[in-house]
Amino acid sequence: MIMDSLKCCERYFCINEDLRTALEYLRRTDFSKVQDGNYEIRGKDIYAVVGRYSSKPRGKSLWESHRKFTDVHYVASGIEKIGSAPAERLTIAEEYNEEKDIVTLKGDGDFLMLKEGTFAVFHPGECHMPGIALDSPREVVKVVVKVRVP
């Protein structure tokens, strides 16, 4: 997992060109002018999911992990907690769904604040729980860029 301010995203460009493409898209886009929905950045291999929602209590969420895509979670507006946990500390709640590229899990992990202007990167197999309220639900504008792994 990587977590940082979008202002410092250049330090991660060396990881691979696809992650660089995702971070550059986040950096150059004004999401206050973008409607909710899916946006192709490079076809189906790199795309963004823009959404507005209220963060939710921890007890109403499950952990998730992916196999085909890296997730880049970016808070354009608002604040939320995002969890990270090693898979070996979790148990499967619902088996892997290949069409949706997701396995859901339950158990305990650690949480960090994802503030406006910050991003977190979760590579395949890295379990995460996004959209969690700090103390009470808050409005969030969130972008998740999905980056297909080779």
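Residues numbered from 1 in each chain as written. Predicted model: local features only at pLDDT ≥ 70, side-chain atom pairs only at ≥ 80, totals over all residues. Heavy atoms only, no water.

Participant: Break down the nonpolar core for me, with residues and values.
Facilitator: Of all hydrophobic cores here, the largest spans 22 residues; its most connected members are Leu23, Leu26, Phe31, Val72, Phe119, Val143 and Val145. Residue assignment for this core shows that the elements contributing at least two residues are α1 (17-28), β3 (46-54), β5 (69-77), β10 (118-122) and β12 (139-148). At 5 residues, α1 tops the list of elements feeding residues into this core. Contact partners of Val72, with chain neighbours within four places excluded, come to Leu19, Ala22, Leu23, Leu26, Phe119, Ala120, Val121, Val143, Val144 and Val145. Counting residues in hydrophobic clusters, the runner-up holds 9 residues, among them Trp63, Val103, Cys127 and Met129. (Core = buried A, V, L, I, M, F, W, Y, C linked by side-chain atoms within 4.5 Å. Buried < 20%, exposed > 50% of the residue type's maximum accessible area, 1.4 Å probe, protein only. Helix = DSSP H or I, 4+ residues; strand = E, 2+ residues; numbered from the N terminus. Contact = heavy atoms within 4.5 Å.)

Participant: Before we move on, can you summarise the environment of Val145 with the specific residues and values?
Facilitator: Turning to its location among the elements, Val145 is positioned in strand β12. Residue Val145 is classed as buried on the basis of its relative accessible area of 0%. Sequence-distant contacts of Val145, defined by excluding residues within four places in its chain, comprise Ala22, Tyr25, Leu26, Ile41, Ile46, Tyr47, Ala48, Thr70, Asp71 and Val72.

Participant: So, the side chain of Thr104: which residues are in play, and what are the values?
Facilitator: Residue placement: Thr104 occurs in strand β8 (residues 102-107). Judged by relative accessible area, which is 16%, Thr104 ranks as buried. What Thr104 contacts, discounting residues up to four positions off in sequence, is Leu62, Trp63, Ile92, Ala93 and Glu94.

Participant: A description of the sheet that holds strand β1 (residues 2-5) should follow, citing residues and the corresponding values.
Facilitator: Taken in spatial order, the 6 strands make up an open sheet running β1-β10-β5-β12-β3-β2, and their pairing is antiparallel. Lying at the two open borders of the sheet, with one neighbouring strand each, are β1 and β2 (37-42). Adjacent strand axes in the sheet meet at a mean angle of 20°, parallel and antiparallel pairs treated alike. Pairing of β5 with β12 involves 8 bridges; the strand directions are antiparallel. Counterpart to Phe69 in the pairing with β12 is Arg148. (Pairing = 2+ DSSP bridges. Axes fitted to C-alpha atoms, helices over the stretch in contact; angles between N-to-C directions.)

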